[in-house]
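Overview (structure and organization)
Each chain, written out:
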Amino acid sequence: MTSLFPENTMAGVLVSAPVDRVYSYAVPDGMILAPGDVVLVPLGSRTVPGVVWDGAPDAAQGKKLKAVIARCDVPPVKDAQRRFVDWVAQYTMSPKGFVLKMALSVPQALERGDGVVAYRIAPDAPSPPWGEGGVMRLSPRRRNVLAVLEDGKARTLKDLVKRSGSSAEVIRSMAKEGLLETVSIDSPAPCSYPDFTRPGPSLSPAQHAAAEHLREAARKGSFHAALLDGVTGAGKTEVYFEAMAEALRAGRQALLMLPEIALSNAFLDRFESRFGCRPALWHSALTPAQRRKTWRGVAEGRTKVIVGARSALFLPFPDLGMIVVDEEHDPAYKQEDNVIYNARDMAVVRAHLEKIPVVLVSATPSLETMANAWAGRYTHLHLPGRHGGAALPDVQVIDMKADKPERQHFIAPTLRKALDETLSAGEQSLLFLNRRGYAPLTLCRTCGHRMDCPRCTAWLVEHKKRGRLECHHCGYGVPMPKICPSCGDAGNFAACGPGVERVLEEVKEYFPEARTVVLASDTAENQDELRRLLQEIRDHAYDIIIGTQIIAKGHHFPKLTLVGVVDADIGLKGGDLRAAERTYQLLHQVAGRAGREKLQGRVFLQTFYPRNKVMQSLTSNERDAFLEAEAQERESAQMPPYSRLAAIIVAGKQEAQVRDVAKALGASAPHGPGIQTFGPADAPLYRLRGLYRRRLLVRADKELNIQKALAEWVGGLKVPASVRVYIDIDPQSFL
């Protein structure tokens, strides 16, 4: 590559820090830099990583420039990813350097490690052929070793043994005899050699048609967006595995995104069965060493498949060939702090810039995605039935006003009877309640005092097993008090409402002989523990599972035939724009755990609103009618996806300052043709992690440049350093 920044000149560098401009640095003698090179530069008193950015740097105008310290021993950041950083920063109104920081998230990976011993063919080894008629005759095992190494790559002993079928002793003896030489290479990258030639399971006609469409998109090597839409159990995973195999066949990398890394545990075995190895994982629970190894493996093109959470989208892929976004509707794809972005939407942008296909996958697509499919912007691939002929479960509503549980109990007689029948039949049941702990509210019977968080506008949740009250927003916790802090009365606290621990207590009362387990994000200490519990459920080590949303998606339990939703109304409360849509999605996903094989499944929804459109759509299995009705309501209200929204959040420790800044913003808010501003108003969670919060909401026509309007408005206001004003484009949460 011709250098844009030769020695003794200067280069423009975007640093990995919350800044929004490219800085000029001197290029020292002997160093040649080009756009995309990763460098270390001084920033104030610190040394930070950065990337040589495109375009000529600003003239220094006589100022003495600080010099680039070093060029890092990693491949350059390719042009498409640099444009992706620029695009995300502009769209989310975030500093460019802050977005780059997500791509350079593992500073220790910028230096090459000590390495491990590897083998390659010695320079003076005889050339092939090595068998009959060759320069030297070798045993079949030795020929296999040399054949594996013919591509010139050095490989570790473990990898060479696996790929050649020869023993470690054979390889070591070849090195002693001069046929091989040892070299030092970086640690082996995960998922370097997925076997895309391995056959997958047989596909139904609908699966085959969808898979062939996606394979063709991968072969073309151009941007293509598709929605893979199918009921739970339709075999969507097998379809997109075929598409990923096509990208791998072309020698490219593939990214599979998941909303929660817990979902990856359910299909790691399926991935290994299809591709002969585990995928590389990318999530917050990785150790620093694992993050370093995976980041370098991706950057060097050695790691071929990544399965990861939303941050995996910013990894420095040099040859990305396909992106798959599974459970595309899930709100966990929205990052709510620092750079605020929706990874699903940004995945489509990155695919467009990389000129590759992107596949959005869901049994309950978001209304935004469906609107794009209806408009023809996304190809709609539909799998109408469950794989293998399994029937969809029968969904029934339990009216809690008529079918009342016993006092201080939460399981209705109809659901209790169904649990008894399922237990007698030797099958499994799942009771779903999206609420951790024992009870969401603890109050004093004497004075009515409610135990709440001193840092948040939220009640403290009782965790009876641990004997604590905890805030699920900031992590604050205290031991369960013995006396009321308000009136001083002792031992007179009442637990109000159920959490999963309280439902477990009730199940043990009704079915003491049943094997029970609670599965929630705080009951599995780590990913290994979670994976063990999920495998035990698949092996029928438990009869009744009580779980939160961690068990709702992506899991296949052959003996599970009954799902009971203890409180189907939770998500309908609060007035959220997407409340009905999200409730439908979650309950549909939960219902999809039942009857996934030959046994017929049953689902019971306990609700106080049996005529609600969500409950009616679930019982009649009329998803499309629900989405169309939801779309009509949104369009008439001029709400997304038929308009644009942006939230302005003002936060700070001093309540008066927050109110003053929010009031000043409200006084200068944009109003006019195509744009409206609502607020300011207290956020529903007015105090969060010790910060007071006020919100404004901006609604704009889709054609209007909302970022430009917001920049002119918010940028013109002087804000105290102790108050933070941040912008959320396309907000998903209104708390």
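Details of the structure are given in the entry above.
What you see is a predicted model; the values in this text were computed from it and never measured. (Residues numbered from 1 in each chain as written. Predicted model: local features only at pLDDT ≥ 70, side-chain atom pairs only at ≥ 80, totals over all residues. Heavy atoms only, no water.)

It is worth spelling out helix 2 (residues 96-103) at this point. Along an α-helix, residues three or four apart share an orientation, since each turn contains 3.6 residues. For helix 2, every residue scored as buried is listed here: Gly97, Val99, Leu100, Met102 and Ala103. For helix 2, the secondary structure elements touched by its buried residues are strand 1 (10-15), strand 4 (46-52), helix 1 (79-92), helix 9 (288-299), strand 14 (334-335) and strand 15 (341-342). (Buried < 20%, exposed > 50% of the residue type's maximum accessible area, 1.4 Å probe, protein only. Helix = DSSP H or I, 4+ residues; strand = E, 2+ residues; numbered from the N terminus. Contact = heavy atoms within 4.5 Å.)

Taken together, the side chains of Lys153, Lys158, Lys162, Arg163, Arg198 and Lys293 make up a positively charged region of the molecular surface. Broken down by element, the residue count for the positive patch peaks at 3 residues, all from helix 4 (residues 157-164). Residue classification places Lys153 among the partly exposed residues on the basis of a relative accessible area of 48%. (Patch = residues over 30% accessible without salt bridge, like charges linked within 9 Å, V, L, I, M, F, W, Y side chains within 5 Å. Areas by Shrake-Rupley, 256 points an atom, 1.4 Å probe, with all protein chains shown as cover. Salt bridge = Lys/Arg side-chain N within 4 Å of Asp/Glu carboxyl O. Lys, Arg positive; Asp, Glu negative; His and termini not counted. Charge placed at Lys NZ, Arg CZ, Asp CG, Glu CD.)

This next bit is on the pattern of salt bridges. Between side chains of opposite charge, a pair can form when the charged atoms approach closely. Scanning the entire structure with this criterion turns up 48 salt bridges. Note that Glu242 and Arg215 form a salt bridge whose closest N and O atoms lie 3.0 Å from each other. Remark: Arg215 occurs in helix 6 (residues 205-220) and Glu242 occurs in helix 7 (residues 236-249); sequence separation between them is 27 residues. When its relative accessible area of 15% is taken as the criterion, Glu242 is described as buried. Lys401 is the partner of Asp399 in a salt bridge, and the nearest nitrogen-oxygen pair spans 3.7 Å. Here Asp399 falls in the partly exposed class, since its relative accessible area comes to 24%. The class of Lys401 is partly exposed, set by a relative accessible area of 46%. Salt bridges linked by common partners bring Glu212, Arg215, Glu216, Arg219, Glu242, Glu246, Arg249 and Arg274 together as one network.

With that settled, consider the packing of aromatic side chains. Throughout the structure, instances matching the rule amount to 10 aromatic pairs. Between Phe84 and Phe314, the ring centres sit 5.3 Å apart and the planes meet at 35°, which makes this aromatic pair tilted. Taken together, the residues span a long stretch of sequence, with Phe84 in helix 1 and Phe314 in the loop between strand 12 (305-308) and strand 13 (320-326) at a distance of 230 residues. Taken individually, Phe84 and Phe314 each receive the classification buried, so the pair is uniform in this respect. Ring centres of Trp87 and Tyr91 lie 5.0 Å apart, and the angle between their planes is 10°; this geometry places the pair in the stacked category. One end of the pair is Trp87 and the other is Tyr91, both in helix 1 and 4 residues apart, which spans about a single turn. Aromatic ring contacts, followed pair by pair, group Tyr240, Phe241, Phe271 and Phe275 into a single cluster. (Phe/Tyr/Trp six-rings, centres within 6.5 Å; stacked < 30°, edge-to-face > 60°.)

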